[in-house]
Every structure is written in C-alpha cells, then in structure tokens.
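Analysis of the macromolecular model
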Amino acid sequence: MRPLSVLLLLFALPAQALTLLTEDFPPLSYSPDGGETVVGISVDLLREALARTETPATIALMPWRNAYKRALDDANTCVFSASRTPEREPLFKWIGPLSDGKWVLFARADDRVAPRSWDDVRALGEHGGILLNYDSSAIRRLNTLGGLRLDPTGRTVEQNLRKLQSGKGRFFFYIRHGGEAEIRRLKLEREIRVVEPALDHQDFFLLLGRHVAPEQRDALQEALRAFAASGQLQALQKQWSMQ
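Only a predicted model underlies this, so the values are computations on that prediction, with no experimental measurement involved. (Residues numbered from 1 in each chain as written. Predicted model: local features only at pLDDT ≥ 70, side-chain atom pairs only at ≥ 80, totals over all residues. Heavy atoms only, no water.)

1. Quick notes on the overall build of the chain
The cut-off we apply is this: A run of H or I in DSSP becomes a helix once it reaches four residues, and a run of E becomes a strand once it reaches two; helices and strands are each numbered from the N terminus. For the radius of gyration, the atom set is restricted to C-alpha positions; the globular benchmark scales as 2.2 Å times the number of residues to the power 0.38. Buried residues are those whose accessible area, probed at 1.4 Å on protein chains only, stays under 20% of the maximum for their type, while exposed residues exceed 50% and partly exposed ones sit between those limits. In what follows, a contact means two residues having at least one pair of non-hydrogen atoms within 4.5 Å. Residue-level accessible areas treat just the shown protein chains as cover; the underlying method is Shrake-Rupley with a 1.4 Å probe. We score Asp and Glu as negative and Lys and Arg as positive, and we do not count His or the chain ends. One atom stands in for each charge, and that atom is NZ of Lys, CZ of Arg, CG of Asp or CD of Glu.
Within the chain, the regular secondary structure consists of 9 helices and 10 strands. Taking 2.2 N^0.38 as the reference for a compact globule, 243 residues should give roughly 18 Å; the C-alpha atoms of the chain span a radius of gyration of 19 Å, in line with that estimate. Across its three principal directions, the C-alpha atoms of the chain cover 60 × 35 × 30 Å. Taking all 243 residues of the chain together, the buried fraction comes to 48%. A separation of at least 24 residues holds for 74% of the contacts in the chain among residues at least 6 apart in sequence. Total accessible area on the chain stands at roughly 12100 Å², and carbon and sulfur atoms take up 50% of it. Here the chain carries 32 positive and 30 negative side-chain charges, and the mean point of each set is 2 Å from the other.

2. Quick notes on the packing of helix α6 (residues 157-165) against helix α7 (residues 176-185)
Quick reminder of the rule: Angles shown run from 0 to 180 degrees and are taken between the N-to-C directions of axes, each axis being a line fitted to C-alpha atoms and, for helices, limited to the stretch in contact. An angle below 35 degrees is read as roughly parallel, one above 145 as roughly antiparallel, one from 65 to 115 as roughly perpendicular, and any other as oblique. Each residue receives one of three labels: charged for Asp, Glu, Lys and Arg, nonpolar for Ala, Val, Leu, Ile, Met, Phe, Trp, Tyr, Cys and Pro, and polar for the others, Gly being one of them.
Closest axis-to-axis distance for the α6/α7 pair is 10 Å, and the angle between their directions is 75°. Classified by the angle their axes make, α6 and α7 are roughly perpendicular. Facing α6, whose interface residues are Val157, Glu158 and Leu161, α7 presents Gly179, Glu182, Ile183 and Arg185. Each residue belonging to the contact of α6 with α7 can be placed in one class, and the counts come to 3 nonpolar, 1 polar and 3 charged.

Encoded structure:
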C-alpha cells in the first residue's frame, strides 16, 4: 500500500486514541515545571506526527521502568524514546527513529585520558572504571564486550556526573546529547568533558503496542518521514541544538 493511501485510509477511520509515556531524558523529553507539561525534541516530533494523522493522544512523564511496564500491560499505551534491544524487538511495533543516539564516555576536564576504542579502555585496567545508570540499556552491551569495569549503581544522570566529578569513576557512559544537556543544567561545563569519538550508536524510537492497527502504525511512520523530507526536522534539530 502506498504511503498516501495509508494516510487516506486512516483519515477515513477514527484513529485509535493513544497514551504516550516517556521519561525525564533531556533534550528528548523532560518537564520544566514538575510534570505539568512535557517538552523536548522527541515530544515535538511526535506531536507533529499525531497532528498530521489526527491521532488523539496524551503525553505524560514517569520513571522509565513504570512507563515501560504500562506499555506492556495497557492496550493503548506507548513509550518513548527507546533504543532497540533483542528483548524488546518482538514486543512492539517500532516507529522512528525519533533521534540518533551517539553514546560517548564523559571524563573530568582535568583528566586528559583519551581512549579511542573499548580496547583502549580495557588497557586502563582498574583505572578505567565506567559509571552507568542502573537501568541503562548499555549495561548488557558492555557486559557482552567483556573486560570492562562497570559501576551501574547510579540512579540518575546527575548522580553519576557528581560521582565522576568527585573521582568515584574514571568515565560515565551515556547518550551524548542527554549528558551534555545535564552538564549544562548543572553548570559543569568546566568540570566534565566529552571523550571523542563516540563508542556506540543506537537510534531512539516510539514503541507502539502490537495491537495498534497496521494502518495507524504506517500512517504515523509516514508522517515522520514526510516531516523529515520537508526540511522541518532539520529546523527542529537546530532549535534543540542537536546539529
């Protein structure tokens, strides 16, 4: 079926109302006012797709584990921004990508360590400890690589950045734009730096329940494609300082 036909079919039928849940993950999604409103580049992009397909929806913020469980349990609940993993792949319909994900090491600004590969990090031995968020999708990937010293006990990005700042880890591994946004918020630009190059890449998606009609899924995907083709996505990325 051609994309235009998909959109025409969806407009001819009432679109299924959806609940979109996300976590505090700036600049992709976050609340500037304690949860009253949800903003971010992924939020803007999805609102555009929802409007183009006339899909009624609400967007709310909650801890990732709660949001993900709701998406598994509730018929009309979706979750974003999620990276692809083998465990998640068969459970959802994937819409996106919403943004690209360059995963980098962060280090203290006064530490001139410059690993360019995971082999370089391994060579640091006990001096190459890596902080991760406790629920990070990267934990499994890094364990699979082997030989890396991981500390996945930090509950939040801020907590891990503070641990890094105080020398309780050599590196913090996180998505680049999310880490940089939190560094700016905490005014740590002179304390913490990005280590180039990125050591991993994972795009982020909206996870749509498999019960959602294929026509609605295809229409949302086509709306994102059309938005990108129009040049408006580039303008949105510039607005959110992601270019």
